[in-house]
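This is what each chain is made of:
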Amino acid sequence: MTEQLIVHGLDWTVKDLFVYPNEFIYWSIQIVMYPYMTGLVAGAFVLSSLYHVFGQKDLQGIARFSLVFSLALLPTAMLPLEFHLQHPFRGINVMFTPHFTSAIAAFGIVFSTYAMIVMSEIWFVYRRYFVEQSIALRDQPGFGNQAKRLLYNLLTLGAFDVSEPALAIDKKGVKILAAIGIPVACFLHGYAGFIFGSVKANALWMSPLMPVIFIMSAVVSGIALCMLTYIIIMEYKKLQATLAKGRGDESVKELGGVEMDVITKTSRYLLSFLVAAISLELLDLIFRGYTAMKSWDILRSVMFHDDFINIFILQYGCGNLIPFILLLIPRPSIKRMILALVLVLFGVFMMRWNVVIGGQAFSLSFEGFMHYKMPIIPHSLETYKEGLFGALTVAAAPFLIFWGINKIVPSLQKI
Amino acid sequence: MNPSRRKFVKTALAGGLAAALPLSALKMLSPAEAHASIGNDKVRWAFVVDTEKCVGCGLCVKACKLENEVPYDAPVTRTWVERYVITRDGKSHIDTPKGGRDGFTSPKIRDEVIPADEITQAFFVPKLCNQCSNPACVQVCPVGATFQTDDGVVLVDRSWCIGCGYCIMACPYGVRFFHPVYKTAEKCTFCYHRISKGLKTACVQACPFGARQIGNLKDPSDPVTKIIMTQRVAVLKSEYGTKPQVYYIGFDERVR
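Rules used throughout
Residues numbered from 1 in each chain as written. Chains lettered and ligands numbered in written order. Predicted model: local features only at pLDDT ≥ 70, side-chain atom pairs only at ≥ 80, totals over all residues. Heavy atoms only, no water. Contact = heavy atoms within 4.5 Å. Buried area = accessible area lost by both parts, 1.4 Å probe. Salt bridge = Lys/Arg side-chain N within 4 Å of Asp/Glu carboxyl O. Polar contact = N/O pair within 3.5 Å; in protein donor to acceptor, adjacent residues only side chain to side chain. Helix = DSSP H or I, 4+ residues; strand = E, 2+ residues; numbered from the N terminus. Phe/Tyr/Trp six-rings, centres within 6.5 Å; stacked < 30°, edge-to-face > 60°. Buried < 20%, exposed > 50% of the residue type's maximum accessible area, 1.4 Å probe, protein only. Lys NZ or Arg CZ within 6 Å of the ring centre and 35° of its normal. Domains from an automatic or database assignment. Pairing = 2+ DSSP bridges. Axes fitted to C-alpha atoms, helices over the stretch in contact; angles between N-to-C directions. Expected span 1.5 Å × (residues − 1). 1 Å grid on protein atoms, 1.4 Å probe; cavity = no way out; pocket = protein on both sides within 12 Å on 5 of 7 lines; lining within 4 Å. Points joined across faces, edges and corners; volume = space filled by probe spheres on them. Nonpolar A, V, L, I, M, F, W, Y, C, P; charged D, E, K, R; others polar.

## With respect to the interface of chain B and chain A
The partner chain A presents 45 residues to the 54 residues of chain B that form the contact. Taking both sides of the interface into account, the surface hidden between chain B and chain A amounts to around 4,100 Å²; carbon and sulfur atoms contribute 60%. Contact with chain A buries area across many residues of chain B, yet B:Ile162, B:Tyr166 and B:Met169 alone supply 18% of it, more than any other trio. Here chain B and chain A share two salt bridges between them. Note that B:Arg256 and A:Glu367 form a salt bridge whose closest N and O atoms lie 3.0 Å from each other. Scanning the region where chain B abuts chain A turns up 27 residue pairs in polar contact (both at pLDDT 80 or more). Taken together, the elements giving at least two residues each to the side of chain B that touches chain A come down to strand 2 (80–87), strand 3 (92–95), helix 4 (136–140), helix 5 (166–170) and strand 9 (177–178) of chain B.

In structure tokens:
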């Protein structure tokens, strides 16, 4: 009996009717988290690029923040994969012997290219700041200050020239990198969609629309998370200012004004990407129903019976329709925005869930079903990794990393 | 610009291009391709399952588990036997308790006994890896840990598999799983360690009714090749384009 307990998937798969013996929900919550996190990375980067490349002035306030935030999100796109691998220490094999007919093989390469672009772009944006910090800390006594100065010295990479022409080159560098970054970000995420869309054995996943759907919903979730985090930070600042200077102070009002302005402008971009994402998803659904291939019978019974609440109520209803209306109603308020953004993030998460888990909800035999019971209280390493707490670890990681990075490259002050 | 330097750059560019052209005319072979091109091309393993002969005793599953050290009681298996019971209303009732390892001794299918006079057809279908000519699992492995041998068998390198499960997802037949001990992708190998020494696979040897046979497709006198050439056989799920190499006699369209 002890042998049975270590069969991967046995802990959380419930089989119904005829399912092949080796079929389990092999890809569980961490594989839901993986495209969700890469989506957030790509979305955050695209948001910042809209300002840097296309000069969307209305996004100036959030562009720098979303760029740094996308760096914080970057390592967490890899985290769910490491949690999921049966041999996490062999993950690096993908870099050693990439097998290029596999969609996953490109991951290491695309991912590191993207990481380099983000880091170089941040360097160009913050180089002047690094130099200024280094100069400002020069005469400050104390070990802490000198250590900090050493860090900033290292970060300048020896480029101390802050003359006008040098800064102009920096600006150009940012623009070029942001421009290259957009297709790379889309590729990073589009191919996450390709990983699923190319699995011909899976009737729900196989669709050439999958990569595009993934990119659109990625941008939606990335923008939403950036807006939400921005609101939380600005509210915190407002609270601090209120505590220090009183509610009616000019600085508090100013902060509130800036915040509302940034949020309303960014929400327009969010809306347009949301429309694109929903249209593509509905197109995919309608097309499957209309063509009604062999797999449609089982897909229909999964979509309209077992997963009806997940797909139509939670994903399309709560995750798309309600926030869509909330964002469209005139005279936005911060509270309503927060509600809409949380719902958008939830909707994209449910979309990932319905793709990953929903794709395994039916047997390859088309004669049976599998239900996923997510492990809540872990009783082994595996049930932690592939359970609620593993997912929460992954979800919390970018905020911790952002907190650390933001200490070195302040993304929320005017510099 | 210094004219001599310009000339040098020009010549270097032209020379570089000239050198690159013949290089690009050559085809780069991957190590596997290079090996395959000089490897053994006299053997292509194929399998024939005669569903008319199978009685669902499960000896093949038992033999496979013991031979290939797949934990005996774990609910995963390299090969299994499915029972199909078709009733008057046209419905298929399918099951494979423990992969059919202990035989089908009970008339119950998921706690339901189907009255004998309702049954129009009943048969058993053994399943195993199809050792596809165009294997989806090999295509999707990100590290190349699963590969196809020259003689057509798909194997997994347990020392290199990262355990991502992509191959398990890609197989339309559900033959792959994670080995409960090694935690790597696991599958039927046609008992490669046996067939490459001239032995039969464990399941073929264990089958008392000759429902399973393995042979070399490239040998026209091989009994398996003769069956495939002269009888009406079918493969599973040909619509996926994987070109399976396990051929079924007495196939039924209701087989999943």
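We are not done yet, so read on.
## A few points about the packing of aromatic side chains
Within this structure, the stated rule accounts for 34 aromatic pairs over all chains. Between A:Phe312 and A:Tyr316, the aromatic rings sit 5.8 Å apart at their centres with planes inclined by 35°, giving tilted as the arrangement. Of the two residues, A:Phe312 and A:Tyr316 are both situated in helix 10 (residues 308–328); the distance of four residues between them amounts to about one turn of the helix. Taking the relative accessible area as the measure of exposure, A:Phe312 reaches 22% and is therefore partly exposed. The exposure class assigned to A:Tyr316 is buried, which follows from its relative accessible area of 15%. Each residue in the set A:Trp27, A:Phe196, A:Trp205, A:Phe214 and B:Tyr166 is aromatic and connected to the rest through ring pairs, giving one cluster. In this structure, A:Lys15 packs its charged tip against the face of A:Phe24, placed 4.2 Å from the ring centre. When the ring centre of A:Phe214 is taken as reference, the NZ or CZ atom of A:Arg352 above it lies at 4.6 Å.

## Overview of the domain arrangement of chain B
Where the parts come together, the accessible area they lose is often given as the size of the interface. All names here are of chain B. Segmenting chain B into domains produces domain 1 (45–132 + 187–249) and domain 2 (136–186). Of note, the centres of domain 1 and domain 2, computed from C-alpha atoms alone, are 20 Å apart. Taken residue by residue, the interface counts 25 residues in domain 1 and 22 residues in domain 2. For the pair domain 1 and domain 2, the summed buried surface comes to about 1,900 Å²; carbon and sulfur atoms form 61% of the total. Contact with domain 2 buries area across many residues of domain 1, yet Trp45, Lys187 and Tyr192 alone supply 33% of it, more than any other trio. The interface formed by domain 1 and domain 2 holds one salt bridge in total.

## Points about the sheet that holds strand 6 (residues 119–127) of chain B
Residue and element names in this part refer to chain B. With antiparallel pairing, three strands are arranged side by side in an open sheet as 3-2-6. Pairing within the sheet leaves two strands with one partner each, and these edge strands are strand 3 and strand 6. Adjacent strand axes in the sheet meet at a mean angle of 20°, parallel and antiparallel pairs treated alike. Where strand 2 lies against strand 3, four bridges are found, and the strand directions are antiparallel. For Tyr84, the partnering residue across the bridge sits in strand 3 and is Ile94.

## A few points about the environment of A:His8
Its location among the elements puts A:His8 in the segment before strand 1 (13–17). You can call A:His8 buried: its relative accessible area is 1%. Those residues within four positions of A:His8 in sequence are excluded, and the remaining contacts are A:Phe24, A:Tyr26, A:Gln86, A:Glu382, A:Glu386 and B:Phe178. A distance of 3.4 Å separates the side chain of A:His8 from the backbone oxygen of A:Tyr26, its partner in a polar contact. In terms of polar contacts, A:His8 uses its side chain to reach the side chain of A:Gln86, at 2.9 Å.

## A word on the pairing of strand 13 (residues 246–249) of chain B
All names here are of chain B. Of the two faces of strand 13, the one lined by Val246 and Tyr248 and the one lined by Tyr247 and Ile249 are each fully buried. Where strand 1 (residues 45–50) and strand 13 come together, four bridges link them in parallel fashion. Bridge pairing in strand 13 links Phe47 to Val246. Bridge count between strand 12 (residues 233–234) and strand 13: two bridges; the pairing is antiparallel. If you follow Ala234 over to strand 13, its bridge partner there is Tyr248.

## Brief notes about the sheet that holds strand 13 of chain B
All names here are of chain B. Here four strands make up an open sheet; going across it, the order is 11-1-13-12 and the pairing mixed. Edge strands, defined here as strands with exactly one partner in the open sheet, are strand 11 (212–216) and strand 12. This element, helix 8 (residues 223–230), spans strand 1, strand 11, strand 12 and strand 13 of the sheet and lies at about 100° to strand 11.

## Focus: helix 13 (residues 388–408) of chain A
Residues and elements named next belong to chain A. Between its first and last C-alpha atoms helix 13 spans 32 Å; for 21 residues at 1.5 Å apiece the expected length is 30 Å, and the two agree. Every buried residue belonging to helix 13 is among Gly390, Ala391, Val394, Ala397, Pro398, Phe402 and Ile405, and all of these are buried. Against helix 1 (29–52), helix 2 (60–84), helix 7 (210–245) and helix 12 (381–385) lie the buried residues of helix 13.

## Side note on the pattern of salt bridges
All chains considered together, the criterion is met by 19 salt bridges over all chains. With a closest N to O distance of 3.1 Å, A:Asp284 and A:Arg288 form a salt bridge. With a gap of four residues between them, A:Asp284 and A:Arg288 both fall in helix 8 (residues 250–291), about one helical turn apart. A:Arg288 matches A:Asp284 in its accessibility class, with the two residues each being buried. Across the pair B:Glu82 and B:Lys127 runs a salt bridge, and its minimum N-O distance is 2.9 Å. With B:Glu82 in strand 2 and B:Lys127 in strand 6, this pair connects stretches of sequence that are 45 residues apart.

## Topic: empty space enclosed by the protein
A complete count under the given rule lists eight cavities of 30 Å³ or more for this structure. Estimates place the volume of the largest cavity at around 240 Å³. Lining the largest cavity are 14 residues, and of these A:Leu204, A:Asp284, A:Met303, A:Tyr316 and A:Val355 sit closest to its centre. Mapped by element, the contributors of at least two residues to the lining of the largest cavity are helix 7, helix 8, helix 10 and helix 11 (334–356) of chain A. The element that contributes the greatest number of residues to the lining of the largest cavity is helix 8 of chain A, accounting for four residues. A class-by-class count of the residues in the lining of the largest cavity yields nine nonpolar, two polar and three charged. Considering only enclosed or pocket space, the second largest cavity measures out at about 160 Å³ in volume. The wall of the second largest cavity is formed by 16 residues, among which A:Glu23, A:Leu364, A:Met370, B:Ile168 and B:Met169 lie closest to the centre. Here the lining of the second largest cavity is built from residues that sort into nine nonpolar, five polar and two charged.

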